[in-house]
Amino acid sequence: MAAPGKGLEGVVAAETALSDIEGKKGILSYVGYDIHDLAPNAVFEEVIYLLHHLELPTPRQLDEIKDQIAREREPNEFAAQLMPYLAEKCAPMSMLRTAVSASSATDPDGWDTSEEANYRKAIRLCAVLPTMVAQYDRLRRGERIVPPDPTLSQAANFLYMLKGDKADDESARIFDTCLVLHADHTMNASTFAARVCAATLSDIHSAITAAIAALKGPLHGGANEQVMRMIKEIEEPSRARDYIVNRLNKKEKVMGFGHRVYKGEDPRATHLRRMAKELAEKTGDGRNYEISQEIEKAMMDEKEIYPNVDFYAASVYGYLRIPTDLFTPVFACSRISGWTAHVREQYADNRLIRPDHAYVGPAPRDWVPLSQR
Ligand code: CMC
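The following paragraphs examine the structure supplied in this document. Remember, it's a predicted structure, so these values are computed and weren't measured experimentally. (Residues numbered from 1 in each chain as written. Predicted model: local features only at pLDDT ≥ 70, side-chain atom pairs only at ≥ 80, totals over all residues. Heavy atoms only, no water.)

1. Brief notes about the overall build of the protein
Here is the rule: Per the convention used, a helix needs a DSSP run of H or I reaching at least four residues, while a strand needs a run of E reaching at least two, with both numbered from the N terminus. Values of the radius of gyration come from C-alpha atoms, whereas the globule rule sets the reference at 2.2 Å times the count of residues to the power 0.38. Partly exposed residues are those whose accessible area sits between 20% and 50% of the maximum for their type, while under 20% is buried and over 50% is exposed, using a 1.4 Å probe and protein chains only. The contact definition used throughout considers only heavy atoms, calling two residues in contact when any of these lie within 4.5 Å. Each accessible area is a Shrake-Rupley result for a 1.4 Å probe, and residues are judged covered by the shown protein chains and nothing else.
Looking only at helices and strands, the protein features 16 helices and three strands. Taken over C-alpha atoms, the radius of gyration comes to 21 Å for the protein, in line with the 21 Å a tight globule of 373 residues would show. Expressed as lengths along the three principal axes of its C-alpha atoms, the size of the protein is roughly 70 × 55 × 45 Å. Here the protein, with 373 residues, has 51% of them falling under the buried criterion. Intrachain contacts of the protein at a sequence separation of at least 6 include 75% that bridge at least 24 residues. As displayed, the protein offers around 17,900 Å² of accessible surface, 51% of which is attributable to carbon and sulfur atoms.

Now the structure itself:
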């Protein structure tokens, strides 16, 4: 049992109108809309609009934001020049962190921090992250870059830029739902990091760079990648239970399980489990799904801990043939919508975030000159 307050558990760090969680009931909502309504009905661009305008778009507003996003998909000059080097030298999340940081240098709005400029920067960041990830992957594989297709949605365009072929409608729809499900999640570690940075009145690119750095860790966004590595290591559904028991006996965490706020099912996992099943049936390759099911049963029996968003996301991305080390960057391609909205919300009613501490070091003591130590 962690000490009270450790990891800021239960501390209200900010007021937000963007998303809400009722952990005991397993409810997640964006701006008042239940994730169980958004997942089957909304497209990702609608969610970007919702998070930034606090209302669902009209058809005309949705078309406008789609056009705006489609126009801003190309990385700007400095980030584009860096990409071949990053593809050769950097791990994916380090690439993304560096490319976003570099983007600030040649952003068309420069260092303008007005509300209007910050909104344009936010939309630009939402638009460009998937292009960065896809271009990086193609360059490191020695493939030619596939330019973004302005007629495609964010979801379909990402899969197209990554693979060079247009995804079938069902794959694009499932990936779109993944983007909807990952878009925002109250005061998670990366969003908090972004708000802390923004609260110093640093710029939006710096705040998003901080968020990407925080998302990278395996206790946060990095978990989805570790889940796929675990599934691959288990290999057979029949080996899952022993693997889990062994891991728990060694007091090791099982990635993709547990949550600070949800005490029951993470509502996002409900949709991701269903989509993993759908894709297993569609592809005729049930292995990852079956192994996942066995892991879930073992975790329930042994620890009564539920899967979180990262657990079935791993299988879904695997079925969509997204490379495992891109799972966390893909998470960022969605969460960028929430991060940028939170940064703008922070600027709109800012106060420096500067928590207090509990000192546990030695009591005051006398200085000892160097010669006497
Ligand atoms: N596997 C095994 N035991 C676990 C797990 C797990 N995944 N998660 C929690 N526990 C146990 C933990 O050992 C502890 O037991 P005890 O009280 O006996 O010491 C208890 O549950 C509380 O765990 P905690 O680590 O103190 O809980 P937390 O609120 O600090 O951490 C967490 C939440 C998500 C970091 C944690 O559950 C975890 O490390 N999970 C695995 C990593 C993961 O899947 N992360 C993705 C989180 S969801 C998406 C996101 O935000 O990115």
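2. Quick word on the pairing of strand β2 (residues 27–30)
The side chains of a regular strand alternate between both faces of the sheet. The following threshold applies: Whether two strands pair comes down to DSSP finding at least two bridges between them.
Both strand β1 (residues 19–22) and β2 contribute to a ladder of four bridges, which runs antiparallel. Bridging across to β2, serine 19 finds its partner in tyrosine 30. A loop of four residues connects β1 with β2, the two strands running antiparallel in sequence, and glycine 26 in this loop sits at a positive phi of about 70°. Across two bridges, the pairing between β2 and strand β3 (residues 33–34) is antiparallel. Within β3, the residue paired with tyrosine 30 across the bridge is tyrosine 33. What sits between the antiparallel neighbours β2 and β3 is a turn of two residues, in which valine 31 has the positive phi angle 45°.

3. What about helix α3 (residues 59–71)?
Worth spelling out the cut-off: Expected helix span is given by 1.5 Å per residue-to-residue step, counting one fewer step than there are residues. Working note: the arc is built from the helix axis to C-beta atom directions.
Between its terminal C-alpha atoms α3 stretches 18 Å, which fits the 18 Å expected from 13 residues at 1.5 Å a residue. Of all the residues in α3, the buried ones are Leu62, Ile65, Ile69 and Ala70. For α3, the angular spread of buried residues about the axis comes to 135°, placing them on one side. Opposite the packed face of α3, turned more than 90 degrees from it, sit the exposed residues Arg60 and Arg71. Looking at the packing, one finds that the buried side of α3 touches α2 (44–53), α6 (115–140) and α7 (154–163).

4. Quick notes on the nonpolar core
What counts, and what does not: Definition of nonpolar core: a set of buried residues of the types Ala, Val, Leu, Ile, Met, Phe, Trp, Tyr and Cys, connected through side-chain atoms within 4.5 Å.
The biggest cluster of nonpolar side chains holds 105 residues, and the ones touching the most others in it are Phe175, Ile295, Val316 and Ile322. Residue contacts for isoleucine 295: discarding those within four places in its chain leaves Met230, Ile231, Ile234, Ala240, Ile244, Val254, Phe257 and Phe311.

5. Side note on the site of the ligand
The condition that has to hold: We define proximity as follows: a residue is near a molecule or strand when any one of its heavy atoms falls within 4 Å of that partner. Definition of a polar contact: a pair of N or O atoms within 3.5 Å, with one able to donate and the other able to accept a hydrogen when the atoms are protein atoms, and with sequence-neighbouring residues admitted only if both atoms are side-chain atoms. Gly is put with the polar residues, along with every residue not named as nonpolar or charged; the nonpolar set is Ala, Val, Leu, Ile, Met, Phe, Trp, Tyr, Cys and Pro, and the charged set is Asp, Glu, Lys and Arg.
Lining the immediate environment of the ligand, one finds 22 residues, of which His220, Lys253, Val254, Gly256 and Arg260 sit closest. At 2.8 Å from a nitrogen atom of the ligand is found a main-chain nitrogen or oxygen belonging to phenylalanine 257. Within the complex, the protein chains bury 71% of what would otherwise be the 920 Å² of accessible surface of the ligand. Broken down by secondary-structure element, the contributors of at least two residues to the shell around the ligand are α14 (287–303) and α15 (309–319). Each residue belonging to the shell around the ligand can be placed in one class, and the counts come to 12 nonpolar, six polar and four charged.

6. Concerning the pattern of salt bridges
So the rule is basically this: When a carboxyl oxygen of Asp or Glu is within 4 Å of a side-chain nitrogen of Lys or Arg, the pair counts as a salt bridge.
Within this structure, the stated rule accounts for 28 salt bridges. In this structure, glutamate 22 engages lysine 25 in a salt bridge whose closest nitrogen and oxygen atoms are separated by 3.2 Å. Of the residues examined, lysine 25 reaches a relative accessible area of 60% and is grouped as exposed. For the salt bridge of glutamate 236 with arginine 287, the shortest nitrogen-to-oxygen distance reads 3.2 Å.

7. Some remarks on the side chain of glutamine 154
Among the structural elements, glutamine 154 can be located in helix α7. By relative accessible area, glutamine 154 is classed as buried at 2%. With sequence-adjacent residues up to four places away left out, glutamine 154 is seen in contact with Phe44, Glu45, Ile69, Arg73, Cys126, Ala127 and Pro130.

8. Remarks on the packing of aromatic side chains
For clarity, the cut-off: Stacked, tilted and edge-to-face pairs are distinguished by plane angle, under 30 degrees for stacked and over 60 for edge-to-face with tilted covering the rest, among Phe, Tyr and Trp rings (Trp via its six-membered ring) whose centres lie within 6.5 Å. Our definition puts a charge over a ring when NZ of Lys or CZ of Arg is within 6 Å of the ring centre and also within 35 degrees of the ring normal.
Summed over the entire model, instances satisfying the criterion amount to six aromatic pairs. A ring pair is formed by phenylalanine 175 and tyrosine 317, whose centres lie 6.3 Å apart and whose planes are at 65°; its orientation type is edge-to-face. In this pair, phenylalanine 175 sits in helix α8 (residues 169–182) while tyrosine 317 sits in helix α15, placing the two residues 142 residues apart along the sequence. Seen from their ring centres, tyrosine 289 and tyrosine 312 are 6.2 Å apart, and the 45° between their planes marks the pair as tilted. Residue tyrosine 289 is found in helix α14, and its partner tyrosine 312 is found in helix α15; the two are separated by 23 residues along the sequence. Take tyrosine 312: its relative accessible area is 0%, and that puts it in the buried class. An aromatic cluster is present here, built from Phe158, Phe175, Tyr317 and Phe327 joined pairwise through their rings. The cationic tip of lysine 166 hangs over the ring face of tyrosine 160; the distance from NZ or CZ to the ring centre is 5.5 Å. Above the face of the tryptophan 367 ring, arginine 373 is positioned so that its terminal group lies 4.9 Å from the ring centre.

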